[in-house]
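Each chain is listed here by its residues.
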Amino acid sequence: QVQLVESGGGLVQAGGSLRLSCAASGSTFSIHTIGWYRQAPGKQRELAATISRSGNSLYADSVKGRFTISRDNAENTVYLQMNSLKPEDTAVYYCYAHYIREVSGYDSWGQGTQVTVSA
């Protein structure tokens, strides 16, 4: 199994920056893709950014050019650098990992960290 613990959320003014961190533990060697989803009040959870073990990243259109995801495989940590934040980025951000065990794939989620962007 894989356990995920997020940190780095908080309150920031529009135009500001935050960096989220997610530390993975457990069977980290089995992680294929890791990243961030977010859920705003009254909305469905949506992808923000993910990165594969090989370094291929995927971003939601709404964050392209403003967010950067990076992965430290040695430290089993993934980061999300968020710049030029907007009020619409306000959400709970969840760390996500897809890992392979034997021949099956599994998903693991962190408990979430709140990001609030004031106008």
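Structure: above.
Predicted, not measured: the structure shown is a model, and the values here were computed from it.

Visitor: Explain the state of the cysteines to me, and be specific about the residues and the numbers.
Guide: Tallying each qualifying case throughout the model produces one disulfide. Disulfide pairing is shown between Cys22 and Cys95; the S-S distance is 2.0 Å. Measuring handedness by torsion sign, the sulfur bridge of Cys22 and Cys95 sits at about -90° and is left-handed. Placement of the pair is Cys22 in strand 3 (residues 18-26) and Cys95 in strand 9 (residues 91-101), with a sequence separation of 73 residues. According to the relative accessible area criterion, Cys95 is buried, its value standing at 0%.

Visitor: I'd like a rundown of the packing of aromatic side chains, residues and numbers included.
Guide: Within this structure, the stated rule accounts for four aromatic pairs. A ring pair is formed by Tyr37 and Trp109, whose centres lie 5.2 Å apart and whose planes are at 75°; its orientation type is edge-to-face. Within this pair, whereas Tyr37 is found in strand 4 (residues 31-39), its partner Trp109 is found in strand 10 (residues 104-109), the two being separated by 72 residues in sequence. When its relative accessible area of 34% is taken as the criterion, Trp109 is described as partly exposed. For the ring pair Tyr99 and Tyr106, a centre distance of 5.6 Å and an interplane angle of 25° mean the geometry is stacked. Taken together, Tyr37, Tyr96 and Trp109 form an aromatic cluster joined through their ring pairs. Of note, Arg45 hangs over the ring of Tyr94, and the distance from its end group to the ring centre comes to 3.7 Å. In this structure, Arg45 packs its charged tip against the face of Trp109, placed 4.7 Å from the ring centre.

Visitor: I'd like a rundown of the sheet that holds strand 3, residues and numbers included.
Guide: The sheet built from four strands is open, its strands ordered 1-3-8-7 with antiparallel pairing. A single partner strand is all that each edge strand has here, and the edge strands are strand 1 (2-7) and strand 7 (67-72). For this sheet, the mean inter-axis angle between neighbouring strands, taken without regard to orientation, is 15°. Pairing of strand 7 with strand 8 (residues 77-82) involves six bridges; the strand directions are antiparallel. Residue pairing in the sheet places Phe67 in a bridge with Met82 of strand 8.

Conventions we followed
- Residues numbered from 1 in each chain as written.
- Predicted model: local features only at pLDDT ≥ 70, side-chain atom pairs only at ≥ 80, totals over all residues.
- Heavy atoms only, no water.
- Disulfide = S-S within 2.5 Å.
- Helix = DSSP H or I, 4+ residues; strand = E, 2+ residues; numbered from the N terminus.
- Buried < 20%, exposed > 50% of the residue type's maximum accessible area, 1.4 Å probe, protein only.
- Phe/Tyr/Trp six-rings, centres within 6.5 Å; stacked < 30°, edge-to-face > 60°.
- Lys NZ or Arg CZ within 6 Å of the ring centre and 35° of its normal.
- Pairing = 2+ DSSP bridges.
- Axes fitted to C-alpha atoms, helices over the stretch in contact; angles between N-to-C directions.

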